[in-house]
Each structure stands twice: as C-alpha cells, then as structure tokens.
Amino acid sequence: MGGGSEPLDTKHGHYLGGWGNLGSQTQKGITTYALSANRQRPLAGTLNAAVFNSWRRFRAQALYVIPPFAAAYMLIDWAVKKNEYYNSKPGRMADLQAAEEATGGGSVRG
C-alpha cells in the first residue's frame, strides 16, 4: 500500500483520508487552545513555592521529630560521659572503694 494516491480501503475502492481524517465527519463544538512554546513558563514560581512549602511541612512535623531526637541525644551523651568516668582513674578508684564496702573490706576477687 504505497503512496497516498491509491485507495486505503481496497474493498470499497475509495480514499479514506489522511492521518487525523480517516473518513469520519468533522467534529463540531470542540474548542482547542494553544500557547506558543516560548510563552510558557513551566517553572514559574517553583523556587518560591518550594521554600515556603518545605517550611510549612517542616513546621508541621517538628514536634513529632525533635523531642525523640533530643531525648536520644541526651541519653547517648550521658552514657558516653559515664563510660569515660568509669574508664578514668577516679572512676576506677570509686568502683574499687564501692566493691570493698560491698564485701566488708575483704578480697574482691575471691
């Protein structure tokens, strides 16, 4: 089925029309609008909207996120300081004195 001059409908022998007009009636009552590509602004206001939308979302979630993170930070900070104290000379001396008091002055090791 080569060029456009021979009929597309070989059974009935008449030309149906080109692309977009394959023998159907023209449509009425449909309005289409077009805008030139150089007049469109697809990213208009994107940066401004992104900043304010991000701030709004952050503010909405802050009370759900910040308190658990603050509590976890304080717990870890306390644990690190306690560990540093237990592994220092004063901490070991305090632990040795506590063990002597618990055993009544006897040997700790057995």
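Residues numbered from 1 in each chain as written. Predicted model: local features only at pLDDT ≥ 70, side-chain atom pairs only at ≥ 80, totals over all residues. Heavy atoms only, no water.

## Digging into the overall build of the protein chain
Reasoning step 1: In terms of helices and strands, the protein chain carries two helices and zero strands.
Reasoning step 2: Expressed as a percentage of the 110 residues in the protein chain, the buried residues total 4%.
Reasoning step 3: Per element, the accessible surface of the protein chain, about 10,600 Å² overall, is 59% carbon and sulfur. (Helix = DSSP H or I, 4+ residues; strand = E, 2+ residues; numbered from the N terminus. Buried < 20%, exposed > 50% of the residue type's maximum accessible area, 1.4 Å probe, protein only. Areas by Shrake-Rupley, 256 points an atom, 1.4 Å probe, with all protein chains shown as cover.)

## A closer look at helix H2 (residues 89–103)
Reasoning step 1: Under the 1.5 Å per step criterion, the end-to-end length of H2 is 21 Å for 15 residues, consistent within 8% with the ideal 21 Å.
Reasoning step 2: Taken from the residues just after H2, Gly104 is the one with a positive phi, measuring 75°. (Expected span 1.5 Å × (residues − 1).)

## Observations regarding the environment of Asn87
Reasoning step 1: In this structure, Asn87 sits in the loop between helix H1 (46–86) and H2.
Reasoning step 2: Engagement of the side chain of Asn87 in a polar contact is seen with the side chain of Asn83, the distance being 2.9 Å. (Polar contact = N/O pair within 3.5 Å; in protein donor to acceptor, adjacent residues only side chain to side chain.)

## Examining the packing of aromatic side chains
Reasoning step 1: Per the stated rule, a full pass over the model turns up two aromatic pairs.
Reasoning step 2: The interplanar angle of 35° and the centroid separation of 5.7 Å between the aromatic rings of Trp55 and Phe58 together place this pair among those described as tilted. Of the two residues, Trp55 and Phe58 both sit in helix H1, three residues apart, roughly one turn of that helix.
Reasoning step 3: Residues Tyr85 and Tyr86 carry aromatic rings whose centres are separated by 6.0 Å and whose planes lie at 45° to one another, so their mutual orientation is tilted.
Reasoning step 4: With a relative accessible area of 38%, Tyr85 lands in the partly exposed category. (Phe/Tyr/Trp six-rings, centres within 6.5 Å; stacked < 30°, edge-to-face > 60°.)

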